[in-house]
Amino acid sequence: MKISTRGRYALRFMIDLAQHNNGEYIALKDISSRQEISIKYLEQITSLLSKFGLLLSVRGPSGGYKLAKSPAEYKVGDILRITEGNLAPVACLESEVNTCEKKDVCKTLFLWQGLARVINEYLDSITLENLVERNFNSENYMYMI
């Protein structure tokens, strides 16, 4: 699994909104300037995040974007699943039902299932608030596969 530019930029965008969360709408040009991400690319990201209810937006001269919820209510895993799709490390785990014809004899399936569980649990344990405040210590996140 490799997180794309879209996923990384979406996180940077959401962190920026959380850092400047004062109840006002924030212009996309301001975020674009601070994050050094093109407005065109941010428009694609905001469209996707808005579609899933993560953002509120207003058009016009005093328009912009703001978070729909408090930063503590946004899990990093949710943001990445919206922008990246499934975070499964192998194709056979991308859907609810594993349709791989070798799943019953696969000697590595448990390994990939464990890795998927660790990835999702870790990303879901960190919120936007954690990232803004940097109040998590990756050494405290020990998972066993």
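Because the structure is predicted, anything quoted here is derived from the model rather than measured.

(A) Representation of helix H3 (residues 39–51) in the model. Its 13 residues place the ends of H3 18 Å apart at the C-alpha level, agreeing with the 18 Å of an ideal helix rising 1.5 Å per residue. Every buried residue of H3 is listed here: Leu 42, Ile 45, Thr 46, Leu 48 and Leu 49. Buried residues along H3 cover an arc of 165° about the axis, so they all sit on one side. Exposed and facing more than 90 degrees away from the buried side of H3 are Lys 40, Gln 44 and Lys 51. Where H3 is buried, its residues touch helix H1 (5–19), helix H2 (28–35), strand E1 (55–58), strand E2 (64–67) and helix H4 (76–84).

(B) Focus on the packing of aromatic side chains. Scanning the entire structure with this criterion turns up 2 aromatic pairs. Their ring planes at 80° and their centres at 6.3 Å tell us that Phe 13 and Tyr 65 sit as a pair that is edge-to-face. Of this pair, Phe 13 sits in helix H1 while Tyr 65 is found in strand E2, placing the two residues 52 residues apart along the sequence. For the pair formed by Phe 13 and Tyr 65, the shared burial category is buried. Lys 69 extends its terminal NZ or CZ atom over the ring of Tyr 74, reaching a point 4.9 Å from the ring centre.

Basis of the calculations
Residues numbered from 1 in each chain as written. Predicted model: local features only at pLDDT ≥ 70, side-chain atom pairs only at ≥ 80, totals over all residues. Heavy atoms only, no water. Helix = DSSP H or I, 4+ residues; strand = E, 2+ residues; numbered from the N terminus. Expected span 1.5 Å × (residues − 1). Buried < 20%, exposed > 50% of the residue type's maximum accessible area, 1.4 Å probe, protein only. Arc of directions from axis to C-beta. Contact = heavy atoms within 4.5 Å. Phe/Tyr/Trp six-rings, centres within 6.5 Å; stacked < 30°, edge-to-face > 60°. Lys NZ or Arg CZ within 6 Å of the ring centre and 35° of its normal.

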